[in-house]
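Commentary on secondary and tertiary structure
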Amino acid sequence: MFGRKRSRDDFAEEITAHLELEADELKREGLTDEDARRQSRIEFGNVRVAQERFYLKDRVEWLDHWLRDVSFAIRQLVKNPGFGATAILVLALGIGASVAIFAFVDAALIKPLPYADPQRLVRVTESERVASLVNISYLDYEDWKRQNTVFSSLDAFTDGNFLLSAPTGAEPLRGERVSAGFFRTLGVAPVLGRDFDPSEEVPGAPNSIMLSYGTWQRRFGGVKDVIGQSVKLSGISYTIIGVLPQDFDFALGDDPEFWAALQPVNSCEKLRDCHNLFAVGRLKDGVSVQTALANAQAIARQLELQYPDSNRDRGASVMPLSDAIVGEIRPILLLLLGGAGLLLLIACVNISSLLVVRSESRKREIAVRGALGASLARLACQFVAEGAVLVAGGLLAGLALADVLMQILRRLISAQMMAAMPYLRGLGVNTHVLLFASILGLLALILFSVTLIFHLLFSDMRDGLAEGGRSSTGTLWRRVGGRLVVIELATTMVLLTGAGLLGKSLYRLLHVDVGFPADHLATLSVRLPDAAFPKEVQKVDFTRRLIDRVEGLPAVRAAAVTSRLPVTCGCNSDWVRIVGRPYNGIHITVNEREVSAGFFRTLHAKLLAGRYFTDAEDASKPNVVVINHTLARKYFPQEDPVGKQIGDPTLSPSSIKQIVGVVEDFRDGALDEEQGPTVYYPFNQNPSPNFSLMVRTSQDERTILPAVATTIRELNRDVGIEQGSTMNEQINSSQVAYFHRSTAYLVGGFAALALVLSTVGLYGVIAYSMSRRTREIGVRMALGAQRWSIHRMVFREAGWLAAIGIAIGSVGSVAASALMRKFLFGVEAWDLPTLAVVATVLVVSALVASYVPAHRAASVNPVQALHAE
Amino acid sequence: MLQGTLDLLILKILVLGPCHGQGVARLIQRQSEEVLFVDHGSLYLALQRLEDKKWITAKWGVSENNRKARFYSLTAKGREQLVEKSSEWQRLTRAMELILRNVRPRSEEV
């Protein structure tokens, strides 16, 4: 910058020259040669020190200045603790919220899965014409495994439940059945014992299980000699062969306690059209997901040609395992991060305007320093130092707040949701989070510094010295401060609108008409162990007795069983064909449920035509089915479906069933799913070992649960019972309600904070502007202006700012809402009532913000106000 | 002495013509009627700073009594700065004077 640097020797020479010149002069004044020399040295002071200072000048000056600036900034903040505390608190709120949400993003999206080389792992499923993602059948899986050229390994997994005999009765345990290579595909090795051997996949081979680390600790005391022990699950003996690592989890599983080798032993696994598996594959080196997908689709087409009855329209789907695991939560987290970011923006703008106000009031100090030679750069350094002190404080407080927020949010996640999102267990402040926080801090610092330096550049420094300089700077502040507060108001509007729309979606979702009264309905999952109930007739017999006994309990109106509860998922699909209709290869995909005869009465469903089936209709009677209104409307538009017959796509004789009734639609699937065609088969003709018991009560449905559980235990101690619940709880805690609720609450929280911050910001601008106009107000009042007109003047100023903020905010809100359309349910992105309510809230907040300054301005004593200048 | 003041004094001395460091120190002392004594170390650093800012330039030369010396002279930029800074200074001193001379009781905001 300065061209050639001057050397130290040159400087030393100059000092020598100075000493000689000085000595000459002193001699002229009458000193002796020696005295003159000594005197000149004394006058100069320490030559060495001067030389040192010259040498260090460029190096240390900035550090020295910086230290001085920082300590000056700290002194300034301590002198004015209200300002410092406010700024740090506001910044901490913004940073804390952002960092806490980022920690979730980091845990869910950034940290790779806890497996070897996770980006090569994919989830492999089949696909259908109507559903892009369906399970694979065991036989298809075997063909895919054999024929593919893209996976170095492909392994299957499926939920499998076990019953553990315990003194208090059978205890259901979550388990997962996996093919032998499953853990090797993931790249996970047991911490104790060994992995599954391929020979253990063959039916008839010894039954082996591996334990999750938690199970080993909880149920087996963490002892080493657990390997080789045998444990009886669902009446079958299993040998424990290994224990999985502590940090191992598998989000697509059901948080299993036990992992069993998958042997194709159950009836489903012998049928090509019974789909109960998922698969995970490891891509060969150099194979992309697209290539793998093409290969899988080619195999699927081959299978379709080979097995047209079972595999018609069956395609393939291959997606990165990380997408399969976090795909659903990713947009939610990004939405929340966006919300937190907007809150941080508001916080920073708020602090910027506070800083500008402060620099205004320190105008004269700055002007004097400028006049005394402090360069613009030095003054700017001063501001940066002040910003840095604030940011450092805000960052520390924000990190502490983020830590607390994370703990709270994590505690709010139910155990059930946590099992689906095991990656959140690693949530916490780590290096990624710290790095993110530092970047936020740096951005905030840049924003503060730029605002102040711009302010400094555009306000004429010399004005500060002149006494009359205040009116022009006042106007300038009104302009700058006004603009800042408009940004705040507009951003707040975006957040409020987002929160409003999400809130409305949540309300709409929870008030979806499920088609039956959900109150006074208790539910309980029941599992019948195959060992105790090997024959279907035994299952039917047990269920009959169970329903009888439960209906005999006091306060029970009705009881029924169903293979799957209403309002869960439309995930049990079946293919049907209508007898007597021409078949063009396109079958009808329907939801299917197996329900007991009393199911519809227990639910209070409405019969539209025909009859319900009876308890007597079991395997000994002709097959019957009840269909829902959607199925009747779609496929029997002009005719009465009652009496018609349906069957499987090949119309095999055993599959033919007669439609005996049509029931009004009620919701089978999740709250946000559209109700599709559904068939209800009699449980007694298709008994399943796992079912849910539904009990309609006349009193609080929760209180009946212990009595129901006791009744089941009395009937058979080997039957497994899962924790009871109520229909309302099931609906409220369903995943879709959960996601909608958490986004609505969190964005609502951000919006509330934003509203407070922007109201305070607006108050600051108005109050400052009024304090600057005290004299003007005095003159107005002296000339006869009424109080109300002063009020009006203040409100008009606030009103203008609010109006501009709302105008910009409306545009932003509509844009932001369009981006979050997929989070909305039952409400459009441009929902006018929401916008109107939000605008009203902002106007009210503007009135609140300007009330105090208006009141103060109107109570100005004209005489004092005129004196004040 | 305040940093900015020394800069201003140096510029003012140099407006009379090129001068070496020792001369500047002497002149400040003499013209201020022996009120202002300049710390020589600070003076040379200030000269260096002004030179870095290109407000003054320096050249080795020979003094009237035949001594080798580094002569400083004002640049156009330095001249501008002198005008600006001295008017600022005058406003400041006027402001100080107004306050110091003011004998009215303090009843208002300053």
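Residues numbered from 1 in each chain as written. Chains lettered and ligands numbered in written order. Predicted model: local features only at pLDDT ≥ 70, side-chain atom pairs only at ≥ 80, totals over all residues.

Details of the overall build of chain B
The helix and strand tally for chain B stands at four helices and three strands. Start at the N end of chain B and walk to the C end: the helices and strands fall as α-β-α-α-β-β-α. Looking at chain B residue by residue over its 110 residues, the buried ones come to 31%. Pairs at least 24 apart in sequence give 47% of the contacts found in chain B among residues at least 6 apart. (Helix = DSSP H or I, 4+ residues; strand = E, 2+ residues; numbered from the N terminus. Buried ≥ 20, exposed ≤ 12 C-beta atoms within 10 Å, placed from the backbone. Contact = placed C-beta atoms within 7 Å.)

So, the overall build of chain A
Of the regular secondary structure elements, chain A holds 26 helices and 23 strands. For 869 residues, the compact-globule estimate of 2.2 N^0.38 gives 29 Å, and the C-alpha radius of gyration of chain A, at 38 Å, exceeds that figure by more than 25%. Projecting the C-alpha coordinates of chain A onto the three principal axes gives extents of approximately 135 × 75 × 55 Å. When each of the 869 residues of chain A is scored for burial, the buried share is 41%. In chain A, of all internal contacts separated by at least 6 residues, the share reaching a separation of at least 24 is 82%. (Rg over C-alpha atoms; globule rule 2.2 N^0.38 Å.)

Some thoughts on the sheet that holds strand 3 (residues 68-74) of chain B
Residues and elements named next belong to chain B. Strands sit in the order 1-3-2 across an open sheet of three strands; the sheet is antiparallel. The open sheet is flanked by strand 1 (19-20) and strand 2 (56-62), the only strands paired with a single partner. Both strand 1 and strand 3 contribute to a ladder of two bridges, which runs antiparallel. In the sheet register, Cys19 faces strand 3, and the bridge partner there is Tyr72. (Pairing = 2+ DSSP bridges.)

Examining the packing of helix 17 (residues 536-551) of chain A against helix 20 (residues 705-715) of chain A
Residues and elements named next belong to chain A. At a minimum axis distance of 10 Å, the contact between helix 17 and helix 20 shows a crossing angle of 140 degrees. In terms of axis orientation, helix 17 runs oblique to helix 20. The two elements helix 17 and helix 20 meet at a crossing, and its hand is right-handed. On the side of helix 17, the interface is formed by Phe542, Arg545, Leu546, Arg549 and Val550, while helix 20 contributes Val708, Thr711, Ile712 and Leu715. (Axes fitted to C-alpha atoms, helices over the stretch in contact; angles between N-to-C directions. Parallel < 35°, antiparallel > 145°, perpendicular 65-115°, else oblique. Left-handed = near helix turned anticlockwise from the far one by under 90°.)

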